[in-house]
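Fold and geometry: a report
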Amino acid sequence: MNISKLSEDIYKLSVSLDNILFEGIWEIPRGVSVNSYIVKGEKIALVDGVCGWDGVPEHLFEMLDQMDMKIDDVDYLIINHMEPDHSGWLEDLRSINANLSIICTKPAEQLLEAFYGRVDNIRVVKDGDTLDLGNGRVLSFATVPNVHWPDAMVTYDTSTSTLFSCDVFGTYGHIEGKHFDEDLTEEELVIFEEEGVRYYSNIVATFSDFTKKALDKLKDIEIKVVAPGHGLVWRKNPSKIIEDYKRYVAYQKEPDLHEVTVLYGSMYGMTEKATMHVIEKLKQYDVKVNVHRVPETSWGTILASVWNSPAIILAMPTYEYKMFPPMAAVLEELGNKKVHNRKALRIGSYGWSGGAQKELDEIMKHKGMQWTFVDPVEFKGAALESDYKKMDEGVAQLMDIIGVSDAVVTV
């Protein structure tokens, strides 16, 4: 864990996590940081709780020692969001400092009892409520329900225009020793943009409608610093992460990028051979191509790729009257994350029976995904030249739909 000074009397306490599955599901190849904040006035608030995954409460106490503080000096624990990565040390904190006052929303109060048993000394806040820490330091609160739990809120320091946003404006990724956007090179900022869409698609995507409402609620607030619960603090260019999140929300309906994601699975190589033909055909177009094989590629990587892609190519064989099971599982999760309005082509092999198309249609209808498909290309056994011609036509039609109709001419 480490400490960094965000501004006068505001400190970021951060732990970097690697080699875990985030939420027990999501692969995080570049890790993730979990951030808490100390805000000092005459009284002291700890914002966003602390992460129980670090395992040892003494790490927090060591950091407080570096700031000439003790846990008894903390007057308020502000819980923006009750998920255990932001509240995991609550029991330890309260056992040491029984006078610690908890600030949270009404839904969070109910979760406190469910997660940690009866907890007293709670102040429930709602939109527009404030907390005066003294010395001109006033915090105000705004609820952002369902971003991504019903209890979520943000905390705003009126004296520095700092938004403590918890999961809102969060990203995966960490670079050791670099905590602020101004510390990063352009190349490193690109990494955090990639990790931002990965985080959003994995964690927040299902709640995009609520996220849009939250962004609308915050748009009239002057924000000079964005201090999220995960990722960088944005103080040089806070509008960067805010605009990124606006794009991420919009991409639920339809990305405006020239990208296509190819998702394929194959049992004996026949569908794989057809997929390689399609990938080769895509090279003729001015489009970024993301290729993922299931089940080898993690769901988190696939979600991030599909979130950026207006066009999807699904390649999978029929398996026991249905789709190749790993592909069905991926599509179910895309439906759960509300990935809507993609344009798609489906290809695939079958042997003694078809049936993959029927299950695909059922998933699309059940999840309300509203994808638009060009004519599928399904072939018995190995693809024939006539099948490859149909694939080429399908790719051309798909590229035309997303506005990439002109082939790239190479000499």
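Along every chain, residues carry numbers that run from 1 in the direction the sequence is written. Only residues with pLDDT of at least 70 get local features here, since the model is predicted, and only at 80 or more are side-chain atom pairs given and counted; chain-wide, interface and lining totals rely on the full set of residues. Hydrogens and water molecules were not included; the side-chain quantities draw on all heavy atoms of the structure.

Side chains of nonpolar character tend, in soluble globular proteins, to be buried together. Here the nonpolar core consists of buried residues drawn from Ala, Val, Leu, Ile, Met, Phe, Trp, Tyr and Cys, with membership extended through side-chain atoms lying within 4.5 Å. Burial classification: accessible surface area is computed with a 1.4 Å probe over protein chains only, and a residue below 20% of its type maximum counts as buried, one above 50% as exposed, and the rest as partly exposed. Counting 63 residues, the largest nonpolar core has Phe169, Leu263, Leu314, Met323, Leu331, Leu334 and Trp371 as the members making the most contacts within it. Secondary structure elements follow DSSP: runs of H or I of four or more residues count as helices, runs of E of two or more count as strands, with numbering from the N terminus. Counting residues per element, this core draws most heavily on helix α5 (residues 186-204), at seven residues. In this structure Leu331 touches Leu314, Met323, Leu360, Ile363, Met364, Met369 and Trp371, once residues within four positions along its chain are discounted. Ranked by size, the runner-up nonpolar core spans 26 residues in total, among them Leu64, Val74, Met82 and Trp89. Only heavy atoms matter for contacts: two residues are in contact if any of them lie within 4.5 Å across the pair.

The contact between helix α10 (residues 325-336) and helix α11 (residues 356-367) brings their axes to 9 Å, and the two run at 15°. With respect to α11, the axis of α10 lies roughly parallel. Every pair of crossing elements has a handedness; the one defined by α10 and α11 is right-handed. Within the contact between the two elements, α10 uses Ala328, Leu331, Glu332, Gly335 and Asn336 and α11 uses Glu359, Leu360, Ile363, Met364 and Lys367. Angles shown run from 0 to 180 degrees and are taken between the N-to-C directions of axes, each axis being a line fitted to C-alpha atoms and, for helices, limited to the stretch in contact. Reported orientations rely on four angle classes, namely roughly parallel under 35 degrees, roughly antiparallel over 145, roughly perpendicular from 65 to 115, and oblique for the rest. Note on convention: near helix rotated counterclockwise from far helix by under a right angle means a left-handed crossing. Clockwise means right-handed.

Judged by which residues are buried, strand β8 (residues 101-104) turns out to be covered on both faces: Ser101 and Ile103 on one side and Ile102 and Cys104 on the other are all buried. In terms of strand pairing, strand β7 (residues 76-78) meets β8 through three bridges, oriented parallel. Looking across to β8, one finds that Tyr76 is bridged to Ser101. Taken together, the three bridges between β8 and strand β9 (residues 122-124) define a ladder with parallel strand orientation. Pairing of Ile103 across the sheet is with Arg123, part of β9. In short, DSSP must find at least two bridges between two strands for them to pair.

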